[in-house]
Amino acid sequence: MSDMIERLAAAMNAHDLDAMVGLFHAGYDSRQPAHPARAFVGRAQVRANWAAMFAGVPDLRADVLRSVQDGDTTWTEWAWAGTRADGQPLDVRGVTLFEVRDGIIVSGTLYMEDVETDEIGVERAVEGLSGRLPNALGATRDVRDRDPE
């Protein structure tokens, strides 16, 4: 694991907002391809986001499951967990790709998602994506042809 990711995880787990924000460039560029409206630029938004996270999830824990550095880019798989102040659980998993230059994070692409609590299974997930329900023989059928449940 890179030194940067170790410092980031340590700051997150210590809920040390200043240490965490200090790891990001003033012009940090954040992208979430699955949620394009969540993109932002600037360290001030990092501060605002994580101040809310630390206040809203007082026992937030960030675990690095694995991390690989490829040139200036560090790929990291995360598990974030805790209990929100309203009593609801937080369980988020995903991957971040951080571009690091001169020891500071200049950009990030985040693929972080809530862990599903509904057990829909792979067949229903495929149906939701394609409009077709797969069957055991590898064929598909139109969702309109499905047997009523």
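How each quantity is defined
- Starting afresh in each chain, residues are numbered from 1 along the sequence in its written order.
- For a predicted model such as this one, the threshold for reporting local features is a pLDDT of at least 70, and the threshold for listing and counting side-chain atom pairs is 80 or more; totals across whole chains, interfaces and linings nevertheless cover every residue.
- The basis for every side-chain value is the complete set of heavy atoms in the structure, and neither hydrogens nor water enter the calculation.
- Pairs of strands are assigned from DSSP output, requiring at least two bridges between the strands.
- Counting from the N terminus, the helices are the DSSP runs of H or I reaching at least four residues and the strands are the DSSP runs of E reaching at least two.
- The contact criterion used throughout is that any non-hydrogen atoms of two residues lie within 4.5 Å.
- Angular values range over 0 to 180 degrees, each being the angle between N-to-C directions of two axes fitted as lines to C-alpha atoms, with helices fitted over their stretch in contact.
- What makes a nonpolar core is a set of buried Ala, Val, Leu, Ile, Met, Phe, Trp, Tyr and Cys residues whose side-chain atoms join them at distances within 4.5 Å.
- Under the scheme applied here, a residue whose accessible area is under 20% of the maximum for its type counts as buried, over 50% as exposed, and between as partly exposed, the area being computed with a 1.4 Å probe on protein chains only.
- Planes of paired rings set the category: under 30 degrees apart is stacked, over 60 is edge-to-face and the rest tilted, where pairs are Phe, Tyr or Trp rings (Trp by its six-membered ring) whose centres lie within 6.5 Å.
- Here the expected span of a helix is defined as 1.5 Å times the quantity of residues minus one.
- Within this analysis, the arc is defined by the directions that extend from the helix axis to the C-beta atoms.

### Section: the pairing of strand 3 (residues 61–70)
No. 1: Direction of pairing for strand 3 relative to strand 4 (residues 73–83): antiparallel, over a ladder of nine bridges. Bridged to Asp63 within strand 4 is Ala79.
No. 2: From the end of strand 3 to the start of strand 4, which pair antiparallel, there are two residues, and Gly71 there has a positive phi angle of about 65°.

### Some details on the sheet that holds strand 6 (residues 104–114)
No. 1: The strand order across the open sheet formed by six strands is 2-1-6-5-4-3, and the pairing between neighbours is mixed. Both outer strands of the open sheet, strand 2 (40–41) and strand 3, are each paired with one neighbouring strand and no more.
No. 2: Of the strand pairs in this sheet, strand 5 (residues 89–101) and strand 6 are connected by 10 bridges, and their pairing is antiparallel. Across the sheet, Gly94 pairs through a bridge with Met112, a residue of strand 6.
No. 3: Running at roughly 15° to strand 4, helix 1 (residues 3–14) makes contact with strand 1 (24–31), strand 3, strand 4, strand 5 and strand 6 of the sheet.

### Let's talk about the nonpolar core
The nonpolar side chains of soluble globular proteins are, as a tendency, buried together.
No. 1: Core analysis: the largest hydrophobic core is formed by 27 residues, its most contacted members being Leu8, Phe24, Trp78, Trp80 and Phe98.
No. 2: Going through the elements one at a time, helix 1, helix 2 (17–21), strand 1, helix 3 (43–56), strand 4, strand 5 and strand 6 are the ones with two or more residues in this core.
No. 3: Here this core takes six residues from helix 1, the largest share from any one element.
No. 4: The contact partners of Leu8, leaving out residues within four places of it in the chain, are Met20, Leu23, Phe24, Trp78, Phe98 and Ile105.

### A closer look at the packing of aromatic side chains
The relative placement of two aromatic rings is captured by the distance of their centres and the angle of their planes.
No. 1: Overall, the coordinates contain six aromatic pairs when judged by the stated rule.
No. 2: Ring centres 5.6 Å apart and planes at 50° place the aromatic pair Trp50 and Phe54 in the tilted group. In this pair, Trp50 and Phe54 are both assigned in helix 3, four residues apart and thus about one turn of the helix distant.
No. 3: A residue is classified by how much of its surface remains accessible, and Trp50, at 11% relative accessible area, is buried.

### Considering the side chain of Thr74
No. 1: Take Thr74: it is sitting in strand 4.
No. 2: Excluding anything up to four places from it in sequence, Thr74 contacts Ser2, Ile5, Ser67, Val68, Gln69, Thr96, Leu97 and Phe98.

### Examining helix 3
No. 1: With 14 residues, helix 3 ought to run about 20 Å at 1.5 Å a step, and its terminal C-alpha atoms sit 20 Å apart, in line with that.
No. 2: Regarding helix 3, the residues found buried are Val46, Trp50 and Phe54. Looking straight down helix 3, one finds its buried side chains confined to an arc of 55°; they lie on one side. Of the exposed residues in helix 3, those oriented more than 90 degrees away from the buried face are Ala44, Ala52 and Ala55.
No. 3: Those residues of helix 3 hidden inside the fold are in contact with helix 1, helix 2, strand 1, strand 2 and strand 4.

### Digging into the pairing of strand 1
No. 1: Note: strand 1 against strand 6, four bridges, orientation parallel. When the bridges of strand 6 are listed, Phe24 appears paired with Ile105.
No. 2: With two bridges connecting them, strand 1 and strand 2 associate as antiparallel partners. The residue bridging Asp29 from the neighbouring strand is Val41, located in strand 2.

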